[in-house]
Amino acid sequence: MYAFELERPTSLADAVNALKSEEAQALGGGQTLIPTLKQRLAMPETLVSLTAIDELKGIRREGDTLIIGGATCHADVAAEGSYPALSDLAGLIGDPHVRNRGTIGGSLANNDPSACYPAAALASGATIVTNEREIAADDYFVGLFETALNEGEIITAVKMPIPQAAAYVKFEQPASRFALVGVFVVKTANGVRVAVTGASEGGVFRWSEAESALSSNFAADALEGLKVPSDGMIGDIHGSPEYRAHLVGVLTKRAVTKAG
Amino acid sequence: MTKVTMTVNGKSVSGEVEGRTLLSTFVRENLGLTGTHVGCDTGQCGACTLHVNGKSVKSCNMFALEADGAEVATIESMAAADGTLNTIQQAFQDHHGLQCGFCTPGMVMTAASLLEENPKPTEQEIRTYLSGNICRCTGYHNIVKAIMAASGQDVSAVAAE
Ligand SMILES: Cc1cc2nc3c(=O)[nH]c(=O)nc-3n(C[C@H](O)[C@H](O)[C@H](O)COP(=O)(O)OP(=O)(O)OC[C@H]3O[C@@H](n4cnc5c(N)ncnc54)[C@H](O)[C@@H]3O)c2cc1C
Ligand code: FES
Ligand code: FES
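Residues numbered from 1 in each chain as written. Chains lettered and ligands numbered in written order. Predicted model: local features only at pLDDT ≥ 70, side-chain atom pairs only at ≥ 80, totals over all residues. Heavy atoms only, no water.

Moving on: the overall build of chain B. Tallying secondary structure elements over chain B gives 5 helices and 5 strands in all. Walking chain B from its N terminus toward its C terminus, one meets helices and strands in the order β-β-α-β-β-β-α-α-α-α. Computed over C-alpha atoms, the radius of gyration of chain B comes to 16 Å, within 12% of the 15 Å expected from 2.2 N^0.38 for 161 residues, which places it in the range of a compact globule. For the C-alpha atoms alone, the extent of chain B along its principal axes is close to 55 × 30 × 25 Å. In chain B, the share of contacts with a sequence separation of at least 24, taken over all contacts with a separation of at least 6, comes to 54%. For chain B, the computed accessible surface area is about 7200 Å², with 49% contributed by carbon and sulfur atoms. If the 10 positive side-chain charges of chain B are averaged to one point and the 16 negative ones to another, these points end up 3 Å apart. (Helix = DSSP H or I, 4+ residues; strand = E, 2+ residues; numbered from the N terminus. Rg over C-alpha atoms; globule rule 2.2 N^0.38 Å. Contact = heavy atoms within 4.5 Å. Areas by Shrake-Rupley, 256 points an atom, 1.4 Å probe, with all protein chains shown as cover. Lys, Arg positive; Asp, Glu negative; His and termini not counted. Charge placed at Lys NZ, Arg CZ, Asp CG, Glu CD.)

What follows concerns the sheet that holds strand β1 (residues 5-7) of chain A. Residues and elements named next belong to chain A. One open sheet accounts for 3 strands, arranged β1-β3-β2; its pairing is parallel. Every other strand in the sheet has two partners, leaving β1 and β2 (24-27) as the edge strands with one partner each. Each strand of the sheet is rotated relative to its neighbour by a mean of 25 degrees, with strand direction disregarded. In this sheet, strand β3 (residues 46-49) lies alongside β2 in parallel orientation, the contact comprising 4 bridges. Each bridged residue has a counterpart across the sheet, and for Ala-24 the counterpart in β3 is Thr-46. (Pairing = 2+ DSSP bridges. Axes fitted to C-alpha atoms, helices over the stretch in contact; angles between N-to-C directions.)

What follows covers the pairing of strand β10 (residues 155-161) of chain A. Side chains on a regular strand alternate between the two faces of the sheet. Residues and elements named next belong to chain A. Along β10, 5 of the 7 residues are buried, which leaves the element largely enclosed by surrounding structure. Two strands pair when backbone bridges link them, and strand β6 (residues 127-130) and β10 are joined in this way by 4 bridges, in the antiparallel orientation. Counted as the bridge partner of Ile-128 is Val-158 from β10. (Buried < 20%, exposed > 50% of the residue type's maximum accessible area, 1.4 Å probe, protein only.)

We now examine the site of ligand 1. Taken together, the neighbourhood of ligand 1 is formed by 31 residues, with A:Ala26, A:Gly29, A:Leu33, A:Thr103 and A:Arg177 sitting nearest. Each of chains A and B places residues next to ligand 1. Note that an oxygen atom of ligand 1 is positioned 2.6 Å from one of the backbone N or O atoms of A:Ala26. In the environment of ligand 1, an oxygen atom lies 2.7 Å from a nitrogen or oxygen atom belonging to the backbone of A:Gly29. Within the complex, the protein chains bury 95% of what would otherwise be the 970 Å² of accessible surface of ligand 1. Here the residues of the shell around ligand 1 sort into 12 nonpolar, 15 polar and 4 charged. (Near = heavy atom within 4 Å. Polar contact = N/O pair within 3.5 Å; in protein donor to acceptor, adjacent residues only side chain to side chain. Nonpolar A, V, L, I, M, F, W, Y, C, P; charged D, E, K, R; others polar.)

Another point: the domain arrangement of chain A. All names here are of chain A. Once the domains are mapped, chain A shows domain 1 (5-49), domain 2 (56-161) and domain 3 (165-259). The straight-line distance from the C-alpha centre of domain 1 to that of domain 2 is 19 Å. Taken residue by residue, the interface counts 8 residues in domain 1 and 10 residues in domain 2. Here domain 1 and domain 2 share an interface that buries about 750 Å² over both sides, 69% of which is from carbon and sulfur atoms. (Domains from an automatic or database assignment. Buried area = accessible area lost by both parts, 1.4 Å probe.)

The residue A:Arg177 is located in the loop between β11 (165-172) and β12 (179-188) in this model. Classification of A:Arg177 by relative accessible area gives buried; the value is 10%. Within the structure, the side chain of A:Arg177 is placed 2.9 Å from the backbone oxygen of B:Ser131, a separation counted as a polar contact. Once you skip the residues sitting within four places of it in the chain, A:Arg177 turns out to touch A:Gly94, A:Asp95, A:Lys170, A:Glu172, B:Lys58, B:Ser131 and B:Gly132.

Attention shifts here to the UniProt feature "domain: FAD-binding PCMH-type" (unreviewed entry) in chain A. Taking the UniProt record as the reference, the feature "domain: FAD-binding PCMH-type" (unreviewed entry) is found at residues 1-165 of chain A. Counted over residues 1-165 of chain A, helix gives 32% and strand 24%. Its end C-alpha atoms are 45 Å apart. (UniProt positions renumbered as here; feature names shortened; annotations may be inferred.)

Attention now moves to the side chain of A:Glu211. All names here are of chain A. Looking at where Glu-211 falls in the secondary structure, it is placed in helix α9 (residues 208-216). Residue Glu-211 is classed as buried on the basis of its relative accessible area, which comes to 8%. A polar contact of 2.9 Å, which involves the side chain of Glu-211, links it to the side chain of Arg-206. Once you skip the residues sitting within four places of it in the chain, Glu-211 turns out to touch Val-192, Arg-193, Val-194 and Arg-206.

This brings us to the pattern of salt bridges. All names here are of chain A. If you walk through the whole model with that rule in mind, you get 17 salt bridges over all chains. Between Asp-88 and Lys-258 there is a salt bridge, with its nearest N and O atoms 3.3 Å apart. One end of the pair, Asp-88, is in helix α4 (residues 84-91); the other, Lys-258, is in helix α10 (residues 241-259), and 170 residues separate them in sequence. On the basis of relative accessible area, Asp-88 is assigned to the partly exposed category, the value being 36%. Residue classification places Lys-258 among the partly exposed positions, given a relative accessible area of 47%. Look at the salt bridges and you will find they share partners, linking Asp-138, Arg-193, Arg-206 and Glu-211 into a network. (Salt bridge = Lys/Arg side-chain N within 4 Å of Asp/Glu carboxyl O.)

All names here are of chain A. Strand order in the open sheet formed by 4 strands is β11-β12-β13-β14, and the pairing between neighbours is antiparallel. Sheet topology places β11 and β14 (205-206) at the edges, where each strand pairs with a single neighbour. Pairing of β12 with strand β13 (residues 191-197), which is carried by 7 bridges, proceeds in the antiparallel orientation. Considered in β13, the bridge of Gly-182 is made with Thr-197. Along the sheet, α10 contacts β11, β12 and β13; its crossing angle with β12, the most-contacted strand, is approximately 40 degrees.

Turning to the nonpolar core, a few remarks are in order. Ranked by internal contacts, the top residues of the largest apolar core, which has 37 residues, are A:Tyr83, A:Leu86, A:Leu108, A:Tyr117, A:Met160 and A:Phe184. Taken together, the elements giving at least two residues each to this core come down to β5 (65-69), α4, α6 (104-110), α7 (117-124), α8 (137-140), β10, β11 and β12 of chain A. When residues in this core are grouped by element, the largest group, 6 residues, is from α7(A). Counting only domains with at least three residues in this core, you end up with domain 2 (56-161) and domain 3 (165-259) of chain A. Contact partners of A:Met160, with chain neighbours within four places excluded, come to A:Asp64, A:Thr65, A:Leu66, A:Ile68, A:Tyr83, A:Leu86, A:Ile104, A:Ala120, A:Ala121, A:Ser124 and A:Ala126. Counting 29 residues, the second-largest nonpolar core is a separate cluster that includes A:Met1, B:Val4, B:Phe63 and B:Ala70. (Core = buried A, V, L, I, M, F, W, Y, C linked by side-chain atoms within 4.5 Å.)

Structure, rendered in structure tokens:
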């Protein structure tokens, strides 16, 4: 690792200020960033830790919306339980140690194409709240490791509307425990949303054909014959683009059955 | 350099560290507590697992400064002062839950967290909970058996594989 200063502000205002400097970067749980620093793929002058800021942590429910602080760790989301499919997803991220440190804000800011939370946020129609504005999930995920966040912008909270029914099914890449493919299905009064992670070279995406088929008939059968094209799917030693495209169909059916 | 202060195994300790000093480095090099092992140094193997404020973390994936003011417990806190092993450690010995011993500190610390959350885990629950701890020697079977035994369960039915 290159040398840097580590700051641990205790208020959001101080963190925002510290991040104004060009060479400063936010530190969430460090579960992605620390390995990146060790590989010398990033060289910030200052890391601004968000984990000592109480106002960025915790989960509360307002009506049918769950509001999760940006520095809330995966283990806390897993334990909360009022949005069961979301708690399920959080409880399947990595391993217990990763879940005790890694945060929802860090996961969404990183937008790894194989990460789990982006699927939940996109399928749920979440709102990403930052120190500057509120961003709809549909406008937030821009591409591979790319989001709508500006330099120094901090995810302070995520608003997750709790749907009528939902489920996440992840086909785990056993070595990394990330999703080889993961599908999050959400059913609300306004229709069905299906978000797919792990599969596309462009990162998380909505499978709109499946959404329309499921909106008229929320059953695995409704997906019979539907396929995502393998063009633009990730191909690596773990699976070809065709394999991943096939998994999208299989896992979406499983998710619908699981959501009930 | 910045001053960091924390409680480690019940004792208040402090030291001067850089921003990039890892908690694993601080514990091993500044405090001389070399029971915490560093295997991969990339957050994959779990050999460096210790507890921060009662939660298990991989100490190679956390900065020492982030533990400022925290209560840290390492493998050295598990046995009694006279060297008597605790229940989990004794079960690892009784059930041959280690061979080279490199992964063992992380396995014991992880097992302690598991049994705290879930005092009578099933075999599958134990295997799932150990997903972040890699062992190159044992094939896991005797580790799982040791943890079941440490939780007071009968292990005669756990088949030898
Ligand atoms: C062994 C292992 C297994 C894993 N398995 C999975 C898995 O199965 N599924 C999965 O989804 N993930 C997995 N992860 C990744 C894990 O979920 C990370 O915790 C997460 O991706 C990053 O969150 P963090 O809080 O650790 O962020 P950091 O590593 O601290 O930061 C990541 C990036 O986000 C930025 N950032 C952090 N917080 C904020 C914020 N609040 N606002 C704006 N920017 C911010 C940082 O500047 C950095 O660029 C795994 C990681 C490990 C080590
Ligand atoms: S040394 Fe920390 S996880 Fe391997
Ligand atoms: S006993 Fe050798 S790595 Fe586990």
